[in-house]
Amino acid sequence: MAATTGKSPVSSSFVQKLNPRTSYCYQDSYSTINLPRRLRRIHSQACNNISSSSDQVPDSVHKQAKAIELQKLIDDDSRDSSISLPRPLTSASLSNLATEGSRLRVAYQGVRGAYSESAAEKAYPNCEAVPCEQFDTAFEAVERWLVDRAVLPIENSLGGSIHRNYDLLLRHRLHIVGEVKLAIRHCLLANPDANLEELKRVLSHPQALAQCENTLTKLGLVREAVDDTAGAAKFIAFHKLKDAGAVASETAARIYGLNILARDIQDDSDNITRFLMLAREPIIPGIDKPFKTSIVFSLEEGPGELFKALAVFAMRNINLTK
Ligand SMILES: O=C(O)C(=O)C[C@]1(C(=O)O)C=C[C@@H](O)C=C1
């Protein structure tokens, strides 16, 4: 499918155009009547078939046939209780997916060479990382079954929590199924015919610019925020800019043919970003190993409300972490 080639970022308008009929079938059956997984799949096929019905046969005949077919499936399904519930991913099935070499498709925000792409590859070593223009597009790509997972940077050791991305988790209905920590080692990149003295400005993701605050101030460069680090590298390469550099990874330098003017320019050598892996279905925690569960809740205003809420965890010896 064009959206999964990994060559160019997926835009939200592109996601809209992709076979909306099939996607709606999945979505409708999932959210409104909560059909088991097997039925959901077949329900979408039924929708496709209806769309390609031949001209000679009256529509009512097709609809009746589909109704009978669907009723038979529901009857069959209710006889077999083992398949009558949606089947969430288990931790075992997840690790199989990663090691069997099946190419899991993982959406990330940015272009080739972004740190999120490296995070996707670290979490799922054999995956096909799918670049998306915006985070919303990456989420939507999972929700519409175009990809299997999305990657989301959530916290950085220097910059702290990425609040905008926490909000995205609330706006969408995806589940956190894993996390990876990635050491972020920023480079100052420039076109081969540019040199440090000529640089006046530097482009990058706002988080990356903030992580290199000291170095960039010392160099006296004007900061310009763009969507992702690799996008900045691509931009200065494409426009052959001589007065602008980019803060991005060594991988981005290689992909876009840029020179590395300085390495490890982040303010702290221990610069770690934590990324979440998101899926349509949750993992049901087992008892074989410790699991981390994320909870979001709000409280009434009042003395001791937070204390009382946190006591619920303390009394059950549950460790709280970020
Ligand atoms: O721009 C990128 O390359 C990203 O993957 C995004 C991002 C972020 O949002 O924090 C990821 C890691 C670094 O902390 C800097 C930028």
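These figures come from a predicted structure and were not determined experimentally.

Caption draft 1: Geometry of the layout of surface pockets. Size it by volume and the largest pocket reaches roughly 1,800 Å³. Looking at the largest pocket, it is lined by 43 residues, and the ones nearest its centre are Ile176, Lys292, Thr293, Ser294 and Ile295. Breaking the lining of the largest pocket down by element, the ones donating at least two residues are helix 5 (91-99), helix 8 (163-171), strand 5 (175-183), strand 11 (272-279) and helix 13 (305-315). Of the residues forming the lining of the largest pocket, the biggest block, six residues, is contributed by strand 5. Split by residue class, the lining of the largest pocket holds 26 nonpolar, ten polar and seven charged. Considering only enclosed or pocket space, the second largest pocket measures out at about 430 Å³ in volume. Lining of the second largest pocket is provided by 24 residues; of these, Gln109, Pro153, His205, Gln207 and Asp227 occupy positions nearest its centre. Secondary structure elements with two or more residues in the lining of the second largest pocket: helix 6 (115-123), strand 3 (149-156), helix 8, helix 9 (206-211) and strand 11.

Caption draft 2: Spatial organisation of a nonpolar patch on the surface. A cluster of nonpolar side chains, contributed by Ile295, Phe297, Leu299, Leu306, Leu310, Ile318 and Leu320, occupies part of the molecular surface with about 640 Å² of accessible area. By secondary structure assignment, the location of Leu310 is in helix 13.

Caption draft 3: View of the site of the ligand. If you check the shell around the ligand, you find 14 residues, and the closest are Tyr115, Ser116, Gln211, Thr229 and Thr273. Contacts to the ligand include Tyr115, whose backbone N or O atom sits 2.9 Å from an oxygen atom. Between the ligand and Gln211, the relevant distance is 3.0 Å, taken from an oxygen atom to a side-chain nitrogen or oxygen of the residue. In the complex, the protein chains occlude 100% of the 360 Å² of accessible area that the ligand would expose alone. If you map the ligand onto the pockets, it falls in the second largest pocket.

Caption draft 4: Here's a closer look at the packing of aromatic side chains. On inspection of all chains with the given rule, the structure shows zero aromatic pairs. Positioned above the aromatic ring of Trp145 is the side chain of Arg280, whose terminal nitrogen or guanidinium carbon lies 3.9 Å from the ring centre.

Caption draft 5: Local environment of the side chain of Glu155. Secondary-structure assignment places Glu155 in strand 3. Contact partners of Glu155, with chain neighbours within four places excluded, come to Gly160, Ser161, Ile162, Ile272, Thr273, Arg274 and Lys322.

Caption draft 6: Focus on the pattern of salt bridges. One pass over the structure, following the stated rule, counts 15 salt bridges. Across the pair Arg171 and Asp136 runs a salt bridge, and its minimum N-O distance is 3.1 Å. Linking Arg171 in helix 8 with Asp136 in helix 7 (residues 135-143), this pair joins segments that are 35 residues apart in sequence. Overall, the relative accessible area of 28% leaves Asp136 in the partly exposed class. Of the charged contacts in the structure, one is a salt bridge between Arg263 and Glu250, with a shortest N-O distance of 3.2 Å. Here Arg263, found in the loop between strand 10 (259-262) and strand 11, pairs with Glu250, found in helix 12 (residues 250-256); they are 13 residues apart in sequence, far enough to count as distant. When its relative accessible area of 48% is taken as the criterion, Arg263 is described as partly exposed. You can call Glu250 partly exposed: its relative accessible area is 41%.

Caption draft 7: Seen up close, the pairing of strand 11. The buried fraction of strand 11 amounts to seven of the eight residues, a majority that puts the element mostly inside the structure. Note: strand 3 against strand 11, six bridges, orientation antiparallel. Looking at strand 11, one finds that Glu155 is bridged to Arg274. By the bridge criterion, eight bridges tie strand 5 to strand 11 in an arrangement that is antiparallel.

Caption draft 8: Highlighting the side chain of Ser204. The topology assignment puts Ser204 in strand 7 (residues 201-204). Polar contacts involving the side chain of Ser204 include one to the main-chain carbonyl oxygen of Val247, which spans 2.6 Å. Every residue in contact with Ser204, bar those within four places of it in the chain, is listed here: Leu209, Glu224, Ala225, Val226, Thr229, Ala232 and Val247.

Rules used in this analysis
- Residues numbered from 1 in each chain as written.
- Predicted model: local features only at pLDDT ≥ 70, side-chain atom pairs only at ≥ 80, totals over all residues.
- Heavy atoms only, no water.
- 1 Å grid on protein atoms, 1.4 Å probe; cavity = no way out; pocket = protein on both sides within 12 Å on 5 of 7 lines; lining within 4 Å.
- Points joined across faces, edges and corners; volume = space filled by probe spheres on them.
- Helix = DSSP H or I, 4+ residues; strand = E, 2+ residues; numbered from the N terminus.
- Nonpolar A, V, L, I, M, F, W, Y, C, P; charged D, E, K, R; others polar.
- Patch = residues over 30% accessible without salt bridge, like charges linked within 9 Å, V, L, I, M, F, W, Y side chains within 5 Å.
- Areas by Shrake-Rupley, 256 points an atom, 1.4 Å probe, with all protein chains shown as cover.
- Salt bridge = Lys/Arg side-chain N within 4 Å of Asp/Glu carboxyl O.
- Near = heavy atom within 4 Å.
- Polar contact = N/O pair within 3.5 Å; in protein donor to acceptor, adjacent residues only side chain to side chain.
- Sits in = over half its atoms within 2 Å of the grid points.
- Phe/Tyr/Trp six-rings, centres within 6.5 Å; stacked < 30°, edge-to-face > 60°.
- Lys NZ or Arg CZ within 6 Å of the ring centre and 35° of its normal.
- Contact = heavy atoms within 4.5 Å.
- Buried < 20%, exposed > 50% of the residue type's maximum accessible area, 1.4 Å probe, protein only.
- Pairing = 2+ DSSP bridges.

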